[in-house]
Amino acid sequence: MRKDKLIMDEQKKKVRRLLKERNAIMLAHNYQPPEIQEVADLCGDSLELSRKAAKTDAEIILFCGVHFMAETASILSPDKTVLLPRLDAGCPMADMITAKDLEHKLKELPPMPVVTYVNSTADVKALSTICCTSANAVQIVNSLDVPEVLMIPDRNLARYTAARTKKKVHYWNGYCPIHDRLKPEELQKAKNNHPDALFMAHPECRPEILEMADAILSTSGMLKFAGESDRRSFIVGTEVGILYPLKKSCPGKNFFPASETMVCPNMKKMTLTDIIRSLEHLEGEVKVDEKIRLPALEAVRRMIELSV
Ligand code: 13P
Ligand code: SF4
């Protein structure tokens, strides 16, 4: 055990040294393993990370997250090298709609804006009007001066938004397999075990789960909410990786997963060894072709401009 810790400490030092030598910045999503969050320059939710990726002066962005996040960084920073140390870390929800699927869907509907969750491929973003994240979906939809929108790919985020806007929201039947898995019976057990706890849910959860929530928040929204609340215990309805930054930022409080099964295997693929290899050999570059990047950038930029 102690030997493993010593190896990991050495690896962390090596990552920091390589980042400096390469003039690289390391960004990590709130679901990444603790040792990766500990060594990263910045941790955050999808919106924060895309904003930070756009502002950095570093020559290399090392992204610890999943493929669509690295693509978004590349869309915003075409002159930088964007590295994703595990190119096989994808997002099943993002892969539930292709550009062709979207083209077909648009033919079935009257003309309307397409609001696309950042958890989507660059090809799909390129056909979209504007992007959104879990932190700003309602604000983005309300900002559009139209009576109807199409939201893709997450049906749960779309239904959550539909309940908070006067606009008609059409949606695609995509979902996150990890959040969609949480059922009311399992959540009720957690609530029975921790009757004093507040329940924080991510909008990727099913509507019947959101109805049982005390607060519906993005991952960083949960960190802020738990920090500011005068309550001591929280049940957390999102991927279990968030428990690490929650416990770190609120040491005196208690956090319980709504379900131990909410583990995203793609968010757990990356290791310090992968990161070292990627930085040493500049392996795992993610680059979006200009034909796709320019229209995708428009959709991402509209979102960022609206959410400052
Ligand atoms: P946020 O960090 O934007 O809340 O997103 C959650 C998520 O599932 C990312 O894959
Ligand atoms: Fe995709 Fe869900 Fe994993 Fe997030 S938690 S990366 S939405 S599969």
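The present account deals with the structure reproduced in this document. (Residues numbered from 1 in each chain as written. Chains lettered and ligands numbered in written order. Predicted model: local features only at pLDDT ≥ 70, side-chain atom pairs only at ≥ 80, totals over all residues. Heavy atoms only, no water.)

**Some points on the overall build of the protein chain**
Where we set the bar: Segments assigned H or I by DSSP are reported as helices when at least four residues long, segments assigned E as strands when at least two residues long, and all are numbered from the N terminus. Only C-alpha atoms enter the radius of gyration; for comparison, a globular chain is expected to reach 2.2 Å times N to the power 0.38, where N is the number of residues. Only protein chains enter the area calculation, which uses a 1.4 Å probe; residues under 20% of their type maximum are buried, those over 50% are exposed, and those in between are partly exposed. We call two residues in contact whenever any of their non-hydrogen atoms come within 4.5 Å of each other. The accessible surface values rely on the Shrake-Rupley method and a 1.4 Å probe; as for residues, cover is taken only from the protein chains in view.
Along its length, the protein chain carries 14 helices and 12 strands. The C-alpha radius of gyration computed for the protein chain amounts to 19 Å, which stays within 12% of the reference 19 Å derived for 308 residues, consistent with globular compactness. Across its three principal axes, the protein chain shows a C-alpha extent of roughly 60 × 55 × 30 Å. Split into buried and exposed, the 308 residues of the protein chain put 56% on the buried side. Restricting the contact set of the protein chain to residue pairs at least 6 apart, pairs at least 24 apart contribute 62%. Carbon and sulfur atoms provide 52% of the accessible area of the protein chain, an area that totals close to 13900 Å².

**Overview of the site of ligand 2**
Inclusion rule: Whether a residue is near a molecule or strand is decided by its heavy atoms; if any one of them lies within 4 Å of it, the residue is near. Residue polarity follows a fixed list, in which Ala, Val, Leu, Ile, Met, Phe, Trp, Tyr, Cys and Pro are nonpolar, Asp, Glu, Lys and Arg are charged, and the others, Gly among them, are polar.
Every residue near ligand 2 is listed here: Tyr31, Val66, Cys91, Pro92, Met93, Asn119, Cys176, Ile178, Glu204 and Cys264. Residue classes in the shell around ligand 2 are distributed as 8 nonpolar, 1 polar and 1 charged.

**Describing the site of ligand 1**
Where we set the bar: Polar contacts, as used here, are pairs of N or O atoms within 3.5 Å; protein pairs need one atom able to donate a hydrogen and one able to accept it. Residues neighboring in sequence count only if both atoms are side-chain atoms.
Around ligand 1, the surrounding shell consists of His29, Tyr31, Asp45, Ser46, Met69, Tyr117, Asn119, Ser134, His202, Glu204, Ser218 and Thr219. Note that an oxygen atom of ligand 1 is positioned 2.7 Å from one of the side-chain N or O atoms of histidine 202. Between glutamate 204 and ligand 1, the recorded distance is 3.1 Å, taken from a side-chain N or O atom to an oxygen atom. Residue composition of the shell around ligand 1, grouped by class: 3 nonpolar, 7 polar and 2 charged.

**Some details on the environment of valine 240**
Here valine 240 shows up in the loop between strand E11 (233-237) and helix H12 (243-249). Sequence spacing of valine 240 and glutamate 260 is 20 residues, and the spatial spacing of their C-alpha atoms is 7.1 Å. If sequence neighbours within four positions are ignored, valine 240 has contacts with Pro257, Ser259, Glu260, Met262 and Val263.

**Overview of the nonpolar core**
So the rule is basically this: Buried residues of nine kinds, namely Ala, Val, Leu, Ile, Met, Phe, Trp, Tyr and Cys, make up a nonpolar core once their side-chain atoms join them within 4.5 Å.
Counting 84 residues, the largest nonpolar core has Met26, Met151 and Ile275 as its most contacted members. Setting aside residues up to four positions removed in sequence, methionine 151 forms contacts with Val115, Cys132, Ala137, Val141, Leu157, Ala158, Thr161, Val169, His170, Tyr171 and Trp172. Judged by nonpolar contacts, the second largest core, of 15 residues, contains Leu198, Met200, Phe234 and Leu246.

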